[in-house]
Amino acid sequence: MAVNPQGSDGFLLRDESPELRRLFVNAIERFGENAAFLDRKRQRSLAGMSSSACKSDVVLAPLPAQNGIVGVLVLNVGAEPSRAALEELTRYCELCARLLEMDRALAAARRQSRDSRLLAMVNERLHKSLDRRDVLFGIVESVRTAFGADRCMIYERCAEPDQIAVVAAAAKGGAASIGSGPTPLDADMRKVFGGLTLRREDTIAVPFVVEGRVEDALVLSFDRSDAVDDAEVAAVRSLAFHVGLALSNARLYERERARRKQAESLERVVRILRDTQYVDEVMLVFVVTVSHELPVDCAAYRLEGGWLVRRAVRMREQRGPVFEERIERHYMEPFLALDEPSDAMALPRAVRGALFEARNGVVVPLRLDGALWGMLVVRSTPDAQMEWSNEERMTFFRTLGSHLEIALANAHAYERELRRAQERETLAEAARTILSHRALGTLAAAMCRLGATLVHADNACVLHWDGVAYARAGSYGDDVGDLIAVSGFDTEHRVERMGTLVGDERRVQRLIDGPGYVVIPLSRPVSDEESHTIDAFLLVGKDGPERFARDDLRLLQELGALLALALRNIELYEAMVRANFALQESSEFKDDLLAMLAHDFKSPLTVISGYCELLMDSDPEHREEVETVWAQTQRLVQLSDDALILAQTQSEGFSLVRTTVDLAAFVEDCVDATASNNPRLVVSVPNGPLMVELDPQRFRHVLDNLVSNALKYSEGEAKVSVRACDDRAVIEVADRGIGIPADELPAVFSRFGRASNARRRGIAGSGIGLYVAKKVVEAHRGTLTVKSKENEGSTFTVSLPLVEKN
């Protein structure tokens, strides 16, 4: 520790040598804490040395302290000292030992204070910044000053395995500075970065162990050679341990903060995806959001046949390689077959160069309903490599890909439902078109337009067999002739159905599709003699050789079924129109004939009736026979009147000439004209007027019919009454005659309807009188009803609306 005179070598024995250790240990064991004289011979004996190693006599005085002997004072002497001198030397060494112990305690306290300050300073730097480089740069000058070093440098590992770089440096008399570029890793620093402590006379180098891995190293350099002792080395190692622990905690905090940031980013991505509905929109929003939240470039690819086609891309900076638009599937097949993301370094060199260049990143496979749908490519930006661990990175992007798959599944479901709704609307429009068209040409043109719009085609046409060839019934778009030529359709020969199909299976014909076209047979149920042919086809085409998708073919087949049904409806409609026209002509001819016969019968019957009346007055002898002729003539007149009115009610020209009359007076006039002198007829009318609107000529026929029936079907009294009931006028014609069976009441107002009891009794009648009467009453906005009981009589009731009073 010290020598006097200054510069003396002291013992010839080398420091820290075994001989020196044996000499001191054996001397202390023998003489204890007292000073002792050792001549050269005794020195050789105690230390086991040769005679040449000890050239002078010495006095050894131990330095006893409270916890043991801490050192030895050695003096070269020419002769053996006296006992008193040795005792005085022993007391002196005891005092020196106590002073030395106090000095050591003070130095230890100072080192402990220094170490505490250094640890506090490290924690303070961590509170200010959790960035590793900021922390290391902030402590480098303080560490140098605390240990009294002339230089302090902190190294870090580089990306290259044999390179290190100075993170921060500090020198005596200068400020801390940021380190230089990479330098080769020498043998000494390789040991330090391997986890060992390096100690030289003027250097201490210790590693910073962070999470079990050496990532940084602290190097203290001194200009003096005796500056490094065990205590300093221990202090530096303790500092390195605490700094490594602090950096580990900072890294854990940073990792947790990064995870929270990832979770927040993921939550924002999911929240934004909730508002998207379409597949392309989902992919675009996803890549834009991910690239905005993370320092990455992002692209989404969709599987289309043997290619992965880029559908959305977002690059934070316009630097680096652009994502390829198309990638062959077989390059990515081994990686997309996995359920886990794949690191960029595992990809083939050609794909890695096209997608990632020299950056790191991942490829995430995307699946829908268990089948491969596409992939997500994420790569780091040039200035921000992804520093997460591989496990963290894979877990995060696996979760991100799962959320994208869910959003894509929802978007697919929405688009599917939307497409189905559009299809249903188009098919409903097709059905409405069918109902609104009655001509083949306009219907075919409208359906061609719908079919082309439904599958985004460019042209369409309907070919219909006209007896000679398949002619164009309707079309949409240009170049329809080219469509027929491309499809190879033979318009000259009629197409026959498949003979093996029977029953309803004949309605299902296989469509023919090719590059850019599809031919749909318009099969429909027809008669057996025509069931072997197909008379109409729907052709749909688009520019280019691309085939129609399966969903498009399904829709066209459904549209073809509707069109086939429409064609059949047109045929049925045309047949119905022809039948109705023929029926209308027949009905008009019948009505004209009936009216002509009724009118022409009336003139000769009037002449016959007149001559009968003359004969009854001039020839009393044959009056009875003439009366019979006259009665039958009157019956024929009544029949001709009924027939004429019946014909008029069936024609479109039937009309009323209305006038306002007093119903009570009108009924009295009609009864007087029909049976003025018949004692069986009783008429009851109110005193006041009952004003109604009616056609006197038409309505007189109703009353004549009802009154004559009451007298004809009864032998007793018949009663005609008129009364008011609320806002209507009521006429009742009642008799006590044969009545009508209850089950035959609904049929008495039908054409040619008569009760069975009247036919059995042989009472003459045509069965059209009540039918005509009901028609006339209803034309007056009135009603005609009957109540009857067989063998007790009948009551016919006529109800007409009263004229409103002003």
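(A) The arrangement of the overall build of the protein in detail. Each helix and strand in the protein was counted, giving 18 helices and 30 strands. Within the protein, buried positions represent 41% of all 806 residues. A separation threshold of at least 6 residues defines the contact pool for the protein, and within that pool the share at least 24 residues apart is 60%. With the model as given, the accessible surface of the protein reaches about 44800 Å², and the carbon-plus-sulfur share is 51%.

(B) Region of the structure containing the sheet that holds strand β18 (residues 470–476). The strand order across the open sheet formed by 5 strands is β18-β17-β23-β21-β20, and the pairing between neighbours is antiparallel. Single-partner strands in this sheet number two, and they are β18 and β20 (512–514). Taking each pair of neighbouring strands and ignoring which way they run, the sheet shows an average axis angle of 15°. With 6 bridges connecting them, strand β17 (residues 459–465) and β18 associate as antiparallel partners. Bridging from a neighbouring strand, Trp465 pairs with Tyr470 of β18. Sheet strands touched by helix α12 (residues 480–487): β17, β18, β21 (517–521) and β23 (536–541). Its angle to β17, the strand with the most contacts, is close to 70°.

(C) Structural view of the pairing of strand β28 (residues 728–735). Bridge count for strand β27 (residues 718–725) against β28 is 8 bridges, and the pairing is antiparallel. In the sheet register, Ser721 faces β28, and the bridge partner there is Glu732. Where β27 folds back onto β28 in an antiparallel hairpin, the turn is made up of 2 residues, including Asp726, whose phi is positive at roughly 60°.

(D) Up close: the packing of aromatic side chains. Applying the stated criterion across every chain, the model contains 7 aromatic pairs. Between Trp465 and Tyr470, the aromatic rings sit 5.0 Å apart at their centres with planes inclined by 65°, giving edge-to-face as the arrangement. With respect to class, Trp465 is no different from Tyr470; both count as buried. A centroid spacing of 6.3 Å and a plane angle of 50° characterise the contact between Phe666 and Phe699, whose relative ring orientation is tilted. Separated by 33 residues along the polypeptide, Phe666 in helix α15 (residues 663–675) and Phe699 in helix α16 (residues 696–712) bring together distant segments of the chain. Lying across the ring of Phe323, Arg379 places its NZ or CZ 4.1 Å from the centre.

(E) Structural view of the packing of helix α1 (residues 18–31) against helix α2 (residues 40–47). Running from amino to carboxyl end, α1 crosses α2 at an angle of 105°, the nearest separation of the two axes being 8 Å. The angle between the axes of α1 and α2 places the two elements in the roughly perpendicular class. Between α1 and α2, the contacting residues are Glu19, Arg22, Leu23, Asn26, Ala27 and Phe31 on the first element and Arg42, Gln43, Leu46 and Ala47 on the second. Residue composition of the contact of α1 with α2, grouped by class: 5 nonpolar, 2 polar and 3 charged.

(F) Representation of α2 in the model. Turning to α2, its buried residues are Gln43, Leu46 and Ala47. Relative to the axis of α2, the buried residues are bounded by an arc of 85° and lie together on one face. Along α2, the residues that are exposed and aim more than 90 degrees away from the buried face are Lys41 and Ser45. Tucked into the core, α2 has its buried residues touching α1, β1 (36–38) and β2 (57–65). Where α2 terminates, the next one or two residues include Gly48, which has phi positive at roughly 65°.

(G) Layout of a nonpolar patch on the surface. Together, Leu95, Leu99 and Met102 give the surface a local cluster of nonpolar side chains, amounting to about 310 Å² of exposed area. Residue placement: Leu95 occurs in helix α3 (residues 83–128). Residue classification places Leu95 among the partly exposed residues on the basis of a relative accessible area of 42%.

(H) Seen up close, the pattern of salt bridges. Counted according to the given criterion, the structure contains 19 salt bridges. Here Asp535 ties to Arg494 by a salt bridge, and the two come within 2.8 Å at their closest N and O atoms. In this pair, Asp535 is assigned in the loop between β22 (533–534) and β23 and Arg494 in the loop between α12 and β19 (495–496), connecting sequence segments 41 residues apart. Note on Asp535: relative accessible area 11%, which makes it buried. The closest approach of N and O atoms between Glu778 and Lys774, which form a salt bridge, is 3.5 Å. In this pair, Glu778 and Lys774 both sit in helix α18 (residues 769–779), 4 residues apart, roughly one turn of the helix.

(I) Main features of the packing of α16 against α18. Where α16 meets α18, the axes come as close as 9 Å, and the angle between the chain directions of the two elements is 140°. Overall, the two elements α16 and α18 adopt an arrangement that is oblique. Crossing of α16 over α18 shows left-handed handedness. Here Arg698, Phe699, His701, Val702, Asn705, Leu706 and Asn709 of α16 come into contact with α18, specifically with Gly769, Leu770, Val772, Ala773, Val776 and Val777. Looking at the contact of α16 with α18, its residues break down into 8 nonpolar, 4 polar and 1 charged.

What counts, and where the lines are drawn
Residues numbered from 1 in each chain as written. Predicted model: local features only at pLDDT ≥ 70, side-chain atom pairs only at ≥ 80, totals over all residues. Heavy atoms only, no water. Helix = DSSP H or I, 4+ residues; strand = E, 2+ residues; numbered from the N terminus. Buried < 20%, exposed > 50% of the residue type's maximum accessible area, 1.4 Å probe, protein only. Contact = heavy atoms within 4.5 Å. Areas by Shrake-Rupley, 256 points an atom, 1.4 Å probe, with all protein chains shown as cover. Pairing = 2+ DSSP bridges. Axes fitted to C-alpha atoms, helices over the stretch in contact; angles between N-to-C directions. Phe/Tyr/Trp six-rings, centres within 6.5 Å; stacked < 30°, edge-to-face > 60°. Lys NZ or Arg CZ within 6 Å of the ring centre and 35° of its normal. Parallel < 35°, antiparallel > 145°, perpendicular 65-115°, else oblique. Nonpolar A, V, L, I, M, F, W, Y, C, P; charged D, E, K, R; others polar. Arc of directions from axis to C-beta. Patch = residues over 30% accessible without salt bridge, like charges linked within 9 Å, V, L, I, M, F, W, Y side chains within 5 Å. Salt bridge = Lys/Arg side-chain N within 4 Å of Asp/Glu carboxyl O. Left-handed = near helix turned anticlockwise from the far one by under 90°.

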